Amino acid sequence: MRRSELSPEVRAELRALDAILAREPVGEEDLELAALVDSVRADAPRIDPAFADRLDRRVAARFDRPSAPRRHPARKRLALAGGSLVAVVVTAMIVVSGGVLNGTSAQRKPLNPTTVLPGAAATPGTFNAATPATSTGATGSTTAAGVAVSPSAQAGVGAIPRLVARSGSLTLAAPPGRMQAVANGIVASTERVGGVVESSKVMVHGLSSSATFSLSVPSPKLPALISSLSSLAGVRSLSQSTLDITKRYTQAQAGVATEKAESGALIKALAAATTLAEEESIQQKITALDGRIAAATAHLGALVSKAHNARLAVNVVTAAAAASSGGSGPVNRALGDSLRVLDVALAIALVAFAIMLPLALLGLAVWWSAATLRQRARERAFEA
Amino acid sequence: MTATTCPPSGTGDAPSGSARHAGGAAAQFEALYRSCASDLYAYVASMLRDAAAAEDVTALAFERAYRRRALFDLRRGSPRAWLFAIARNAALDELRRRARSGALVGEPVDESTRVEVDDELGERRLLVRAGLAQLDAREREVILLKFVGRLSNGELARVLGCSESSAGTRLHRAIKRLREVCHAPQ
């Protein structure tokens, strides 16, 4: 509602009132109002001179209160600092637990290939099928199948060894001119750690050069191989995974045992056979059973081999940008690190903003509500 | 007593610059104090009807205004309106405190306002005083803010927390009611 919406009568009276208070001359029709104003003003309490002097002094001293210092400014600052610290810690925890940093640091994984990446099921104490077998010791014992078992695995699963198959995928970015050299390096590195190149495909054709390798390497040597390959070219991505094949192994083992027992029973039955037809029938069963036992044994061997040898798929792509900027020199690495730091800082700032914004809005709403309620409570004093 | 009355804000020597500028803030506050002290005390004392409490509230209002002077924003109203709003809140807090504690405070026996009823002027003052006492507390307040505090209509609206037209309407009604009770047969 604007001032112009006031009725003319009200507007006229307000104008006259302002004129009276400003000691301006008013018309005869407003003399009664002027008298009313004078009466109210004349009857208003006068300030006591002694109080006026005291107030003058306090104003001159800028309300300095040596006996009653300001309300714990240090404590207020401390509370502010504490609140900020808590906010920062909460933010950092959310950032870390939310995986913001994980996404960035994943690029650094090649530098430390033993680190378990997201998605990998391996846990400390988990049996590493390719761990050099020892008869006994602190790290584990060896089964008849030559499979190492960790103490924790033994405790947790009883006498059943734990078999874990490991695999990984690595993508390298090599300058176009170095594709062949990188491919040769991959082969050499694999052989150096006792692994084999199961398959490979190298295509050298300028910027569209590429190479793919399927490597099999003793599981304990996988981290060393990844580390070695990482030094050949820039790492674009790395993923590692583990798969527990213990159950499959024990099931296969149990199946073989059952079939062998059945075979033994059949041999006894063959010895006790009295007719030719009976002998032939049993012989056929034994032959079929032997085939199944051979297949199951081969499967067992494959499982053990799978646990012993890790598979690594390596893709090599060209990195034109890396080549043009001078490859992976210290300046580029520093630049990359700086960008990563900025990236993380931005991520933290974003998360902090996302946390602080609703908190600030909530605080604003609470403050506004409290102020409104307080003012309403004050207004109720008129009704008391 | 060095405080004096002056024309309502905007026309007098009240600070005109933003109180955010720390350099001139103290001087501006000093000018505000000089221009408002008497009117502010008169308003607060009329509200509270207790001289001692009025002194406390007046001093508290000035102290709060001084300590919060950096928060004052000229765009949201004049310094005078801001000061009266602080004093009003402090006075209402005092009234609430009294209501909670059940304190009984009578009319102040103020020698300075003692009225001689010999003349017509004195009779009229007594009549108006009685009329004011009969008004609703909100009506009485709006009259005190205008007549004693000498706030402009915009300042009045700012202090009361309503629109300017609403403040004008409230003031008009309060004056009308005061006239009615003053002219009513005693």
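Here, every reference points to the structure presented above.
*Asks:* What am I meant to see in the overall build of chain B here?
*Replies:* For chain B, the count of helices and strands is seven helices and zero strands. Helices and strands appear in chain B in the N-to-C order α-α-α-α-α-α-α. In chain B, which comprises 186 residues, the share counted as buried stands at 52%. Here the contacts in chain B between residues at least 6 apart in sequence split such that 66% fall between residues at least 24 apart. Carbon and sulfur atoms provide 51% of the accessible area of chain B, an area that totals close to 8,400 Å².

*Asks:* Would you mind showing me how to read the overall build of chain A here?
*Replies:* Broken down by element type, chain A carries twelve helices and seven strands. Evaluated residue by residue, chain A yields a buried proportion of 32% over its 384 residues. In chain A, once contacts between residues fewer than 6 apart in sequence are set aside, the share between residues at least 24 apart is 69%. When the accessible surface of chain A is totalled, it reaches about 22,500 Å², and 62% of it is carbon and sulfur.

*Asks:* Please explain unusual backbone geometry as it appears in this structure.
*Replies:* Where the residue is not glycine, phi is negative for most of them; where a peptide bond is considered, it is trans in most cases. All names here are of chain A. We note that Arg 62 has phi near 55°; this positive angle belongs to a residue other than glycine. Among the secondary structure elements, Arg 62 is positioned in the loop between helix H3 (49-60) and helix H4 (73-97). By relative accessible area, which is 28% here, Arg 62 ends up partly exposed.

*Asks:* Teacher, can you tell me more about the nonpolar core here?
*Replies:* Among soluble globular proteins, nonpolar side chains are generally buried collectively. By size, the foremost hydrophobic cluster in this structure holds 76 residues, and its most contacted members are Phe62(B), Ile143(B) and Leu178(B). Broken down by element, this core gets its largest block of residues, 13 residues, from helix H1 (residues 22-48) of chain B. Residues from two domains meet in this core; each of domain 1 (1-106) and domain 2 (118-186) of chain B gives at least three. What Ile143(B) contacts, discounting residues up to four positions off in sequence, is Val40(A), Leu132(B), Leu135(B), Val148(B), Leu171(B), Ala174(B), Ile175(B) and Leu178(B). Core analysis: the second largest hydrophobic core is formed by 22 residues, Leu170(A), Val182(A), Leu229(A) and Ala233(A) among them.

*Asks:* How should I be thinking about the interface of chain B and chain A in this particular structure?
*Replies:* Many descriptions give the size of an interface as the accessible area lost when the pieces come together. Each side of the interface is counted separately: chain B has 58 residues, and chain A has 47 residues. Buried area between chain B and chain A, both sides added, is near 5,000 Å², and the carbon and sulfur share of it is 59%. Run the count over chain B and chain A and you get 13 salt bridges. For Glu30(B), the salt bridge identified is with Arg62(A), shortest N-O distance 3.2 Å. Viewed at the interface, chain A and chain B are joined by 19 residue pairs in polar contact (both at pLDDT 80 or more). Contributions of two or more residues to the side of chain B that touches chain A are made by H1, helix H2 (51-67), helix H3 (79-101), helix H4 (120-134), helix H5 (137-148) and helix H7 (164-183) of chain B. Taken together, the residues that form the side of chain B that touches chain A break down as 25 nonpolar, 14 polar and 19 charged.

*Asks:* Is there a simple way to explain the packing of H5(B) against H7(B) in this structure?
*Replies:* When two helices pack together, their arrangement is captured by the angle between the axes and the distance separating the axes. Residue and element names in this part refer to chain B. The contact between H5 and H7 brings their axes to 9 Å, and the two run at 105°. Between H5 and H7, the crossing angle belongs to the class labelled roughly perpendicular. Of the residues in H7, those in contact with Glu 139, Val 142, Ile 143, Lys 146 and Phe 147 of H5 are Arg 170, Leu 171, Ala 174, Ile 175, Arg 177 and Leu 178.

*Asks:* It is not clear to me how the sheet that holds strand E5 (residues 210-218) of chain A should be interpreted in this structure. Could you clarify?
*Replies:* Residue and element names in this part refer to chain A. If you trace the five strands from one edge of the open sheet to the other, you get E4-E5-E7-E3-E6, paired in mixed fashion. Because the sheet does not close on itself, it has two edges, and the strands there are strand E4 (196-203) and strand E6 (234-244). Going from strand to strand, the sheet's axes swing by 10° on average, the running direction of each strand aside. Bridging between strand E3 (residues 164-174) and E6 involves ten bridges; their strand directions are antiparallel. Pairing of Ser 167 across the sheet is with Ser 241, part of E6.

*Asks:* Honestly, the packing of aromatic side chains in this entry has me stumped. Any pointers?
*Replies:* How two aromatic rings sit relative to each other is set out by the distance from centre to centre and by the angle between their planes. By the definition in use, this model includes eight aromatic pairs over all chains. When the centroid spacing of 5.7 Å and the interplanar angle of 40° are considered together, the rings of Phe63(A) and Tyr66(B) count as tilted. Of this pair, Phe63(A) sits in the loop between H3 and H4 while Tyr66(B) is found in helix H2, placing the two residues in two different chains. For the ring pair Phe29(B) and Phe62(B), a centre distance of 6.4 Å and an interplane angle of 85° mean the geometry is edge-to-face.

*Asks:* Sorry, what's going on with H2(B) here?
*Replies:* Residues spaced three or four apart along an α-helix point in a common direction, a consequence of the helix completing one turn every 3.6 residues. Residues and elements named next belong to chain B. The terminal C-alpha atoms of H2 lie 24 Å apart, and with 17 residues this matches the ideal 24 Å at 1.5 Å per residue to within 8%. Those residues of H2 that sit buried are Ala 53, Ala 54, Glu 55, Val 57, Thr 58, Ala 59, Ala 61, Phe 62, Glu 63, Ala 65 and Tyr 66. Near the N-terminus of H2, the side chain that reaches the backbone nitrogen of Ala 52, with its oxygen 3.1 Å away, is that of Asp 50.

Criteria and thresholds
- Residues numbered from 1 in each chain as written.
- Chains lettered and ligands numbered in written order.
- Predicted model: local features only at pLDDT ≥ 70, side-chain atom pairs only at ≥ 80, totals over all residues.
- Heavy atoms only, no water.
- Helix = DSSP H or I, 4+ residues; strand = E, 2+ residues; numbered from the N terminus.
- Buried < 20%, exposed > 50% of the residue type's maximum accessible area, 1.4 Å probe, protein only.
- Contact = heavy atoms within 4.5 Å.
- Areas by Shrake-Rupley, 256 points an atom, 1.4 Å probe, with all protein chains shown as cover.
- Core = buried A, V, L, I, M, F, W, Y, C linked by side-chain atoms within 4.5 Å.
- Domains from an automatic or database assignment.
- Buried area = accessible area lost by both parts, 1.4 Å probe.
- Salt bridge = Lys/Arg side-chain N within 4 Å of Asp/Glu carboxyl O.
- Polar contact = N/O pair within 3.5 Å; in protein donor to acceptor, adjacent residues only side chain to side chain.
- Nonpolar A, V, L, I, M, F, W, Y, C, P; charged D, E, K, R; others polar.
- Axes fitted to C-alpha atoms, helices over the stretch in contact; angles between N-to-C directions.
- Parallel < 35°, antiparallel > 145°, perpendicular 65-115°, else oblique.
- Pairing = 2+ DSSP bridges.
- Phe/Tyr/Trp six-rings, centres within 6.5 Å; stacked < 30°, edge-to-face > 60°.
- Expected span 1.5 Å × (residues − 1).

It is worth stressing that arrangement in space is one thing and function is another; only the former is reported here.
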